[in-house]
Amino acid sequence: MKSPVTVAVTGGAGQVAYSLLFRLTSGEVFGDDQPVSLIIKEVPEFVGTLEGVKMELEDCAFPLLRDIILTDKDDEAFRGANWALLVGATPRQPGMERKDLLTVNAASFRDQGEAINSTAAADIRVLVVGNPCNTNCLIAMSHAPDVPRDRWAALTLLDQNRAMAQLAIKSGRPVSEVTNMTIWGNHSATQYPDFENARIGGKPATEVIKDRDWLENQFVEIIQKRGAAILAARGKSSAASAANAIIDHVRSATTKTEGDDWFSAAILSDGNPYGIPDGLIFSFPCRSDGKGNYNIVDGLKLSDYARGKLDITTQELIAERNDVSELL
Ligand code: LMR
């Protein structure tokens, strides 16, 4: 039997974690021969609720589940962790943009970065979900100088899944036929869901959906504002679909990408190959070598229209970075 992979999950008493934890330990992410140990963190006010989550995890009798550690302290939350899923953060309320949370959540991502740096396993990989996730990832990474920069990502697979689903609905084709979907930039209302490089049934999506006006205007906006639409309808942020996207992200990062498809992840830009300024956590089309390493897919054609969209989301990320410059 393999030794367990240790997964740290913050925001453990929240709705996303309640959908996430059970799937992390079922075998669907790391494989059905890979034991999993969980470290579940919550802020002191809600840490009592974690006892109930732990009881339910035990009651699933998952054969692969080993230890469950509950904590409210950063210096225990990432000890020996191979994966850190930073879900916990104050969520936005109706009417807010995600970046409105920057000042509320920034300090906690600094503290988590420091704790990851000093206590996590040497092969730690981090996925930031708490919003605004791109810039929170940048903050945490800046406080973890010993953790290689290519281990850090922020979640945009939720946006990718949303985009694939909308193209499937519009075209009347199964979502499994929608491939090569990229989210560029920020997990925010400036992101660009790239319909020009997406494919449906192997053909360019723009050949299958000929309604360019719908693609440029309605489709892009639906994806950009989907989180807000869910928040307005539910009165709470997305939870099950966010957890599902976290599962998809970790599985995509730890499974060798086959064929000519890719997945979206927000990772550190070094300026290549699309000229995005270095030092931003920016969502790109990525492929994995199966060991958790992300390689940006090179050679995608970007029209003037797409370039304009990338500029807008780049400017927003630069502004967010400027807003937290004291924490970097
Ligand atoms: C989402 O996209 O649903 C999440 O990032 C939550 C939010 O505030 O939109």
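Residues numbered from 1 in each chain as written. Predicted model: local features only at pLDDT ≥ 70, side-chain atom pairs only at ≥ 80, totals over all residues. Heavy atoms only, no water.

Turning to the overall build of the protein, a few remarks are in order. Looking only at helices and strands, the protein has 11 helices and 14 strands in total. Over its C-alpha atoms the protein spans a radius of gyration of 19 Å, differing by no more than 12% from the 20 Å that the globule rule assigns to 328 residues. When the backbone C-alpha atoms are referred to their principal axes, the protein occupies close to 50 × 45 × 40 Å. Looking at the protein as a whole, 52% of its 328 residues are labelled buried. When contacts within the protein are restricted to residue pairs at least 6 apart in sequence, long-range pairs at least 24 apart make up 74% of them. In the form shown here, the protein has an accessible surface area of approximately 13,600 Å², with 49% of it arising from carbon and sulfur atoms. Averaged over its 33 positive side-chain charges, the protein has a centre that lies 4 Å from the centre of its 44 negative ones. (Helix = DSSP H or I, 4+ residues; strand = E, 2+ residues; numbered from the N terminus. Rg over C-alpha atoms; globule rule 2.2 N^0.38 Å. Buried < 20%, exposed > 50% of the residue type's maximum accessible area, 1.4 Å probe, protein only. Contact = heavy atoms within 4.5 Å. Areas by Shrake-Rupley, 256 points an atom, 1.4 Å probe, with all protein chains shown as cover. Lys, Arg positive; Asp, Glu negative; His and termini not counted. Charge placed at Lys NZ, Arg CZ, Asp CG, Glu CD.)

Taken together, the residues surrounding the ligand are Arg-92, Arg-98, Asn-131, Leu-158, Arg-162, His-187, Gly-227, Ser-237 and Ser-238. Arg-92 is positioned with one of its side-chain polar atoms (N or O) 2.6 Å from an oxygen atom of the ligand. Arg-98 places a polar side-chain atom, nitrogen or oxygen, 2.8 Å from an oxygen atom of the ligand. A total of 260 Å² of accessible area belongs to the ligand in isolation, and the protein chains cover 93% of it. With respect to the pocket detection grid, the ligand is positioned in the largest pocket. (Near = heavy atom within 4 Å. Polar contact = N/O pair within 3.5 Å; in protein donor to acceptor, adjacent residues only side chain to side chain. 1 Å grid on protein atoms, 1.4 Å probe; cavity = no way out; pocket = protein on both sides within 12 Å on 5 of 7 lines; lining within 4 Å. Sits in = over half its atoms within 2 Å of the grid points.)

Another point: a negative patch on the surface. There is a patch of like negative charges on the surface, built from Glu-51, Glu-56, Glu-58 and Asp-59. By the element assignment, Glu-51 lies in helix α2 (residues 47–59). A relative accessible area of 45% places Glu-51 in the partly exposed class. (Patch = residues over 30% accessible without salt bridge, like charges linked within 9 Å, V, L, I, M, F, W, Y side chains within 5 Å. Salt bridge = Lys/Arg side-chain N within 4 Å of Asp/Glu carboxyl O.)

This model, assessed by the stated rule, comprises 10 aromatic pairs. Aromatic rings pair up to connect Tyr-192, Phe-195, Trp-214, Phe-219 and Tyr-305 into one cluster. Positioned above the aromatic ring of Tyr-305, the side-chain terminus of Arg-212 is 5.2 Å from the ring centre. (Phe/Tyr/Trp six-rings, centres within 6.5 Å; stacked < 30°, edge-to-face > 60°. Lys NZ or Arg CZ within 6 Å of the ring centre and 35° of its normal.)

Here the focus is the pattern of salt bridges. In the structure shown here, the tally under the stated rule is 14 salt bridges. Measuring nitrogen to oxygen at the nearest pair gives 3.8 Å for the salt bridge that ties Arg-162 to Asp-159. Taken together, the positions of Arg-162 and Asp-159, both in helix α6 (residues 157–171) and 3 residues apart, correspond to about one turn of that helix. This pair shows no difference in class: Arg-162 is buried, exactly as Asp-159 is. One network of salt bridges, with partners in common, ties together Arg-23, Glu-28, Asp-248 and Arg-251.

On to the packing of α6 against helix α8 (residues 212–224). In the contact formed by α6 and α8, the axes pass within 9 Å of each other and the chain directions differ by 135 degrees. Accordingly, the angle class assigned to the pair α6 and α8 is oblique. Considering how the two elements wind past one another, α6 and α8 form a crossing that is right-handed. For the pair formed by α6 and α8, the contact residues are Asp-159, Arg-162, Ala-163, Gln-166, Leu-167 and Lys-170 on the first element and Trp-214, Leu-215, Phe-219, Ile-222 and Ile-223 on the second. (Axes fitted to C-alpha atoms, helices over the stretch in contact; angles between N-to-C directions. Parallel < 35°, antiparallel > 145°, perpendicular 65-115°, else oblique. Left-handed = near helix turned anticlockwise from the far one by under 90°.)

Membership of the largest hydrophobic core comes to 74 residues, with the highest contact counts inside it found for Leu-24, Leu-57, Trp-83, Leu-85, Leu-167, Phe-219 and Ile-246. Among the elements that make up this core, the one with the highest residue count is helix α10 (residues 240–254) (7 residues). (Core = buried A, V, L, I, M, F, W, Y, C linked by side-chain atoms within 4.5 Å.)

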